[in-house]
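Below are the chains, spelled out letter by letter.
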Amino acid sequence: MNWNDNTQRPWGPAPAEPTGAASKLPGWARKRVLVPAAAGLFLAGAVAGSAGGTGTENAGRATPAPTATVTVTASPAARDGAKDTADNEPPAPKGTVRPADDEPGAKVSVPDFVGMGLQSAQDAAQAKGLYSLTSHDSLGRDRMQVFDRNWKVCFQNVRAGKSVARTTELDFGAVKTEESCPARDRQPPEVVGGRMPDLAGQSVKAARGALDSGTSLTVKDAAEDRMVLMESNWKVCAQVPAAGVKLNGQPVEIRAVKFEETCP
């Protein structure tokens, strides 16, 4: 049967064949693809909106003009009654006068420090402009004044009321606050003219300090057979050689007891 004959096709006439270039393509390539109308309109609108929105936004944006920033530092206003830094020092203790710093040769009157605590005496001396200060044990025990508040002044090397230069050294003779001041100030012993000093009543520590470091020194307990450990707690009762003897390197022997004990 010849299906090319339109009159003999059982389902009707054959469709018209395409003409031109499309007619030369195979059948599967000549199929048409339909895009839904709504989807096409959405895509077109999105592209147009994006392009149009970008243009509108960029057109509406104006380039800001540059601004100049100027920094101004304000000086603080002077306070009423403000003083120089030198005038802002802590006030001197009551009853003292601080000498002017621009008067290096100025003299000050030395206060009476006897009876004051050692720390208070030092503070008062510095408030007067006297800064060269030292102290010693007035009992001749050669103890160190480690905590000044635990000591009190019994003697001073410059009498009260004397006018002295601010460079003058003040030496305070002191004892511990619970002790009584001695009748006289016991200065540390020293060798004078190469002769043996009088060590009686001095501490063993002070006696050792007075002698040459190369001296052969023997210390014995004058009352019992105890070891002399804390030498500042022991006082000299006897010595060999005697006071005034010429020292020529001979050994020295000391007999001592504790300060609260009586020499035999």
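Note that the structure is predicted; figures quoted are calculated from it, not measured.

Turning our attention to the sheet that holds strand S3 (residues 151-156). Taken together, the 3 strands give an open sheet; going across it, the order is S2-S5-S3, and neighbouring strands pair in mixed fashion. The two strands at the open ends of the sheet, each matched to only one other strand, are strand S2 (133-137) and S3. For this sheet, the mean angle separating the axes of adjacent strands, direction not counted, is 40°. Examined bridge by bridge, S3 and strand S5 (residues 170-176) share 5 bridges and lie antiparallel to one another. Its bridge partner lying in S5, Trp151 is registered against Lys176.

What follows covers the packing of aromatic side chains. For the coordinates displayed, the defined rule picks out 1 aromatic pair. When the ring of Phe113 is compared with that of Phe172, the centres are 5.1 Å apart and the planes differ by 75°; the resulting orientation is edge-to-face. Remark: Phe172 occurs in strand S5 and Phe113 occurs in the loop between strand S1 (107-109) and helix H2 (118-127); sequence separation between them is 59 residues. Judged by its relative accessible area of 1%, Phe113 is buried. Residue class for Phe172 comes out buried when judged on its relative accessible area of 1%.

With that settled, consider the confidence of the model for the protein. In the predicted model, the protein carries a mean pLDDT of 77, and 60% of its residues have values of at least 70. With pLDDT under 50 throughout, residues 37-44 is counted as low confidence; its partners more than four residues away or in other chains account for 1 contact. Predicted confidence is poor over residues 80-87, with pLDDT under 50, and the contacts of this stretch with residues over four places away or in other chains come to 1 contact.

One pass over the full model with this rule turns up 8 salt bridges. In this structure, Glu179 and Arg141 form a salt bridge, with 4.0 Å as the shortest nitrogen-oxygen distance. Taken together, the residues span a long stretch of sequence, with Glu179 in the loop between S5 and helix H3 (204-210) and Arg141 in the loop between S2 and S3 at a distance of 38 residues. For the pair Glu179 and Arg141, one class covers both residues: buried. The salt bridge partner of Glu231 is Arg208, with a shortest N-O separation of 2.7 Å. A residue pair is termed long-range when its members are at least 10 positions apart, and Glu231 in the loop between strand S6 (217-221) and strand S7 (234-240) and Arg208 in helix H3 qualify at 23 residues. A network of salt bridges, in which partner residues are shared, links Asp137, Arg141, Arg143 and Glu179.

To continue, consider a nonpolar patch on the surface. Together, Met144, Val146 and Phe147 make up an exposed nonpolar region whose accessible area comes to about 380 Å². Tracing the chain through its elements places Phe147 in the loop between S2 and S3.

Turning our attention to the state of the cysteines. Here a disulfide denotes one covalent bond, and it connects the sulfur atoms of two cysteines. For the coordinates displayed, the defined rule picks out 2 disulfides. Between the sulfur atoms of Cys237 and its disulfide partner Cys263 the distance amounts to 1.9 Å. Judged by the sign of its S-S torsion, about -80°, the bond between Cys237 and Cys263 is left-handed. Of this pair, Cys237 sits in strand S7 while Cys263 sits in the segment after strand S8 (252-258), and the two are 26 residues apart along the sequence. By relative accessible area, Cys237 is classed as partly exposed at 24%. Cys263 sits in the partly exposed class, given a relative accessible area of 31%.

Once that is clear, we can look at the environment of Ile254. Looking at the element boundaries, Ile254 is found in strand S8. Exposure remark for Ile254: the relative accessible area of 0% places this residue in the buried category. With 16 residues separating them in the primary sequence, Ile254 and Ala238 have C-alpha atoms 5.9 Å apart. For Ile254, the contacting residues outside a window of four places in its chain are Leu199, Ala207, Leu217, Thr218, Val219, Lys220, Val236 and Ala238.

Among the 10 residues of H2, 7 are classified as buried, and the element is accordingly described as predominantly covered. Of all the residues in H2, the buried ones are Leu118, Gln119, Ala121, Gln122, Ala124, Ala125 and Ala127. Packed against the buried residues of H2 are S2, S3 and S5. One or two residues past the end of H2 sits Gly129, with phi positive at roughly 95°.

Cut-off values and rules
- Residues numbered from 1 in each chain as written.
- Predicted model: local features only at pLDDT ≥ 70, side-chain atom pairs only at ≥ 80, totals over all residues.
- Heavy atoms only, no water.
- Pairing = 2+ DSSP bridges.
- Helix = DSSP H or I, 4+ residues; strand = E, 2+ residues; numbered from the N terminus.
- Axes fitted to C-alpha atoms, helices over the stretch in contact; angles between N-to-C directions.
- Phe/Tyr/Trp six-rings, centres within 6.5 Å; stacked < 30°, edge-to-face > 60°.
- Buried < 20%, exposed > 50% of the residue type's maximum accessible area, 1.4 Å probe, protein only.
- pLDDT = per-residue confidence, 0-100.
- Contact = heavy atoms within 4.5 Å.
- Salt bridge = Lys/Arg side-chain N within 4 Å of Asp/Glu carboxyl O.
- Patch = residues over 30% accessible without salt bridge, like charges linked within 9 Å, V, L, I, M, F, W, Y side chains within 5 Å.
- Areas by Shrake-Rupley, 256 points an atom, 1.4 Å probe, with all protein chains shown as cover.
- Disulfide = S-S within 2.5 Å.

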